[in-house]
Amino acid sequence: MSILQVKELQVTFVVDKKKVTPIENVSFEMNAGEVLGMVGETGSGKSLTAHAIMGLTSLVGGTIGGSITFKGRDLLLLSEKEMQSVRGSQIAFIPQNPMTSLDPVYRVGNQIVEGLCKQVKIGKRQAKQQVIELMGKLHIPKPDRVFQQYPHQLSGGLKQRIVIAMGLCANPSILIADEPTTALDVTVQAQIMLLFKEMTRTRNIGLFLITHDLGVIAQVCDKVAVMYAGTMVEFGKIREVFNSPRHPYTKALLQCIPHIGMEKGSLAAIFGNVPSVDTYPSGCRYHPRCSSSDSLCEESPPLLLQIESDSRVACHHYLGKKD
Amino acid sequence: MGKLLEINDLSVSFDIKGGLFLRTIGTITAVNKVSFTIDKGEILGVVGESGCGKSTLARLILRLVEPDSGSVLFNGTDVLKMSKKALRRQRRHMQMVFQDPYSAMDPRYTIFRSLIEPFQIQGVKLNHEERRKKIDDLLELVGLSSEHGSAYPHELSGGQKQRADIARALSLSPRFIILDEPTAALDVSVQAQIIKLLEGLRERLNLTFLFISHDLSLVSYFCDRVIIMYLGSIVENVSAHLIGKTACHPYTRALIASIFKTVPEENTATAALEGEVPSPFNLPSGCVFASRCKYVQSLCREQTPILKESPAGGQVACHFPLYN
């Protein structure tokens, strides 16, 4: 049973009296105890999708179409006040940069307690105890000492763990993490990613992980959604997508990544640049860079086809082809 | 193939000032007795986590930062002993491409003007037509067109800007280019384009590269040899292509194990290291990696291992290298 169901999500903004749609045709489901990865290049609409789920896009003047069903309720129909009771306590968000998301003049422990007290009816002392316990579960060494420290006294990895504790403190059912390890070193990235995986399983939450790193997706996620220029091009189980990608973009993207022991000169590149929101091409947004595009791709945008219960692809050329 | 660059015992440390009257309260050893060579036409990779001294090393080689000790021999002449005038002439042959293409170009200059600047600095006299021709050739070399010359940096995409940045480094036909994380700010599809461009340029122009990156997979693909740095010291110097098989320093092994492979079946990524890179402030004696090493023994905390030949073919600085 899925806890989050996004159907035909569309976000539009009006910029200089012109309508732009940075997100179109995004549909996926997420289950509890599962890591769903969203991967894409800069400007592909990953973060905006997360903001839409959190109900933040309407606050900055966007209009949302489609539906976002969380535990049987359509979040798009909730009032801002009702949404506030969901945001944070049921759907929590972990921002990209732990360095800038902590207040430098407050002790980190108190910053977690503050969030907890806002969302749950709980006494200060009890909250502190709970937070220290949670910090321990996130493998923070000497949690009662770290509780008293200021952000600048902590390393990047520890700061990221504090931010994760802030997200988890109210026991949400969904955690959205937006590029949580881009600011960290590789050895620390490995620690944090494995921690995320462990938390998803032990707390039975749904983790929505946004990243541009296909390696992280392959190792951490159960399902993946591939985004390109604001549209979802492919969605499916991790092994299916990585072993037999259905969309030409997914295929090409996987060939762009170097790995150890790879033959020199065998790296492939995708020709051209990622289009920006005001220069999206007509038809399939990937067609100018696609090696197998034809006139149909130029004219009409492909639909996001459901192939099996858990996989979707948006490509004119996938129809009827099965290899 | 001869040596193009030979670096011996290069060190630099910075004083940290603080407290009342800004007294020196400690020193950070950014680069600690680093020695290596680069052959003509070779691509040498430098890998390490943030703060390991990769970028400082690049700046030392170009003498943008003055070292405390050591020597940098470029084609047999010591760059560090050159007069200011000679150094300026020397810089024609050694150029650098910076990490962030967004801040490496002057936002008020057109690409054309940014590309013509190196010629003016080096006193190369060109008439109007020669200038046009030179810049058009340079832009074409990096896969841009002459229209891009009249654009301002903000009008270009990240990949195009990095191409312009490479064109600027190539303008005086250098023999050696330092690439400091040239693709870190770019998307993977664009990263692959830039890497392919660099591969082609090296072939055509017979260039030698020092390629700095934190991405071990990328370095092992693009480079011929890799040096792994940790807290200012080289811990290993190894063949790039064979790194998966021949690396024998515990830190290099841990870096390899931390890579998230794009093959879901090979569930290999492990948190191979506990903790984080310690502060480079007043380093303890002994091996720099001792505080995080799984195989640490008492000797490691007492004596600093020196870089010596390893039977696997590279050089390693470890008392107990992993030879299996």
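Each value, and the rule that gives it
- Residues numbered from 1 in each chain as written.
- Chains lettered and ligands numbered in written order.
- Predicted model: local features only at pLDDT ≥ 70, side-chain atom pairs only at ≥ 80, totals over all residues.
- Helix = DSSP H or I, 4+ residues; strand = E, 2+ residues; numbered from the N terminus.
- Rg over C-alpha atoms; globule rule 2.2 N^0.38 Å.
- Buried ≥ 20, exposed ≤ 12 C-beta atoms within 10 Å, placed from the backbone.
- Contact = placed C-beta atoms within 7 Å.
- Pairing = 2+ DSSP bridges.
- Core = buried A, V, L, I, M, F, W, Y, C linked by C-beta atoms within 7 Å.
- Nonpolar A, V, L, I, M, F, W, Y, C, P; charged D, E, K, R; others polar.
- pLDDT = per-residue confidence, 0-100.
- Expected span 1.5 Å × (residues − 1).
- Axes fitted to C-alpha atoms, helices over the stretch in contact; angles between N-to-C directions.
- Parallel < 35°, antiparallel > 145°, perpendicular 65-115°, else oblique.
- Left-handed = near helix turned anticlockwise from the far one by under 90°.

**Observations concerning the overall build of chain A**
Right, on to step 1. Helices and strands together make up the secondary structure of chain A, namely 11 helices and 12 strands.
Right, on to step 2. The C-alpha atoms of chain A give a radius of gyration of 21 Å, which matches the 20 Å a tight globule of 323 residues would have.
Right, on to step 3. Counting only C-alpha atoms, chain A reaches 65 × 50 × 40 Å along its principal axes.
Right, on to step 4. Counting over 323 residues, chain A shows a buried share of 46%.
Right, on to step 5. Long-range pairs, those at least 24 residues apart, make up 63% of the contacts in chain A between residues at least 6 apart in sequence.

**Digging into the overall build of chain B**
Right, on to step 1. Helix and strand counts for chain B stand at 11 helices and 12 strands.
Right, on to step 2. In terms of overall dimensions, chain B is globule-like: its C-alpha atoms have a radius of gyration of 21 Å, near the 20 Å expected for 324 residues.
Right, on to step 3. With the C-alpha coordinates of chain B rotated into their principal frame, the extents come out at 70 × 55 × 45 Å.
Right, on to step 4. Taking all 324 residues of chain B together, the buried fraction comes to 46%.
Right, on to step 5. Taking the contacts inside chain B whose residues are at least 6 apart along the sequence as the reference set, 63% of them involve residues at least 24 apart.

**Let's talk about the environment of A:Gln84**
All names here are of chain A.
Right, on to step 1. With respect to the secondary-structure elements, Gln84 resides in helix H2 (residues 80-86).
Right, on to step 2. Overall, the presence of 14 C-beta atoms within 10 Å leaves Gln84 in the partly exposed class.
Right, on to step 3. Taking C-alpha positions, Gln84 is 44 Å from Leu296, a pair spaced 212 residues apart along the chain.

**Points about the sheet that holds strand E5 (residues 77-78) of chain B**
All names here are of chain B.
Right, on to step 1. Taken together, 4 strands build an open sheet; the order of strands is E2-E1-E4-E5 and the sheet is antiparallel. Here the strands that pair on one side only, and so sit at the sheet edges, are strand E2 (23-39) and E5.
Right, on to step 2. In the sheet, strand E1 (residues 3-18) pairs with strand E4 (residues 69-74) via 5 bridges, with the strands oriented antiparallel. Residue pairing across strands places Ser11 opposite Ser69, the latter belonging to E4.

**Some thoughts on the pairing of E4(B)**
Here is the key point about a regular strand: its side chains alternate between the two faces of the sheet.
Right, on to step 1. Here E4(B) runs beside E5(B); their pairing, made up of 2 bridges, is antiparallel. Residue B:Phe74 lies in a different strand from E5(B), and its bridge partner there is B:Thr77.

**Here's the deal with the nonpolar core**
Right, on to step 1. A:Ile176, B:Leu210 and B:Phe211 are the most contacted members of the largest nonpolar core, which has 187 residues in total.
Right, on to step 2. Leaving out residues up to four positions away in the same chain, B:Phe211 has contacts with B:Ile43, B:Leu44, B:Gly45, B:Leu179, B:Val219, B:Phe222 and B:Cys223.

**Topic: the interface of chain A and chain B**
Right, on to step 1. Counting from both sides, the interface comprises 37 residues of chain A and, opposite them, 39 residues of chain B.
Right, on to step 2. Listed by contribution, the elements that provide at least two residues to the side of chain A that touches chain B are helix H7 (186-203), helix H8 (214-220), helix H9 (238-243) and helix H10 (248-255) of chain A.
Right, on to step 3. If you tally residues by element for the side of chain A that touches chain B, the top one is H7(A), at 6 residues.
Right, on to step 4. Split into classes, the residues belonging to the side of chain A that touches chain B amount to 21 nonpolar, 12 polar and 4 charged.

**Some words on the confidence of the model for chain B**
Right, on to step 1. Counting all residues, the mean pLDDT for chain B is 90, and 98% of those residues have values of 70 or more.
Right, on to step 2. Interface predicted TM-score (ipTM) for the complex: 0.84; the corresponding pTM is 0.88.

**Things to note about unusual backbone geometry**
Right, on to step 1. Despite not being glycine, A:Glu179 has its phi angle at roughly 45°, a positive value.
Right, on to step 2. Relative to the helices and strands, A:Glu179 resides in the loop between strand E7 (174-178) and H7.
Right, on to step 3. The backbone of B:Asn206 sits at a positive phi, close to 55°, despite the residue not being glycine.
Right, on to step 4. In this structure, B:Asn206 sits in the loop between helix H7 (188-205) and strand E8 (208-213).

**What to know about the environment of B:Ser285**
Residue and element names in this part refer to chain B.
Right, on to step 1. Following the sequence through the fold, Ser285 ends up in the loop between helix H10 (250-257) and helix H11 (298-302).
Right, on to step 2. Each C-alpha atom, one on Ser285 and one on Glu302, is 6.3 Å from the other, the two residues being 17 residues apart in sequence.
Right, on to step 3. With sequence-adjacent residues up to four places away left out, Ser285 is seen in contact with Glu302 and Thr304.

**Some remarks on H10(A)**
Right, on to step 1. A:Pro248, A:Tyr249, A:Thr250, A:Ala252 and A:Leu253 are the residues of H10(A) that are buried.
Right, on to step 2. On its buried face, H10(A) sits against H8, strand E9 (223-228), strand E10 (231-237) and H9 of chain A together with H7 of chain B.

**Focus on the sheet that holds strand E11 (residues 308-309) of chain B**
All names here are of chain B.
Right, on to step 1. Strand order across the open sheet formed by 8 strands is E6-E7-E8-E3-E9-E10-E12-E11, with mixed pairing between neighbours. Looking along the sheet, the strands with just one partner apiece sit at the ends: strand E6 (94-97) and E11.
Right, on to step 2. Where E11 and strand E12 (residues 315-316) come together, 2 bridges link them in antiparallel fashion. Following the sheet pairing, Glu309 is matched in E12 by Gln315.

**Quick look at helix H4 (residues 124-137) of chain A**
Residue and element names in this part refer to chain A.
Right, on to step 1. When the terminal C-alpha atoms of H4 are compared, their 20 Å separation across 14 residues agrees well with the 20 Å that a helix rising 1.5 Å per residue should span.
Right, on to step 2. If you follow the buried residues of H4, they end up packed against helix H3 (108-119), helix H5 (143-147) and helix H6 (156-168).
Right, on to step 3. Directly beyond the C-terminal end of H4, a positive phi value near 60° is found at His139.

**Some thoughts on the pairing of E9(A)**
Residue and element names in this part refer to chain A.
Right, on to step 1. Most of E9 is tucked away, with 6 of its 6 residues classed as buried.
Right, on to step 2. Neither face of E9 is exposed, since Lys223, Ala225 and Met227 on one face and Val224, Val226 and Tyr228 on the opposite face are all buried.
Right, on to step 3. Where strand E3 (residues 35-39) meets E9, 4 bridges bridge the pair, whose relative direction is parallel. Bridging across to E9, Leu36 finds its partner in Lys223.
Right, on to step 4. Hairpin connection, E9 to E10: the antiparallel pair is bridged by 2 residues, and Ala229 has positive phi, about 45°.

**With respect to the packing of helix H6 (residues 158-170) of chain B against H7(B)**
Residue and element names in this part refer to chain B.
Right, on to step 1. Put simply, H6 and H7 touch, their axes get as near as 10 Å, and they point 20° apart. As judged from the angle between their axes, H6 and H7 are roughly parallel. You can see that H6 and H7 cross each other, and the crossing is right-handed. On H7, the residues that touch Gly158, Gly159, Gln162 and Arg163 of H6 are Val190, Gln193, Ile194 and Leu197.
Right, on to step 2. Here the contact of H6 with H7 is composed, by residue class, of 3 nonpolar, 4 polar and 1 charged.

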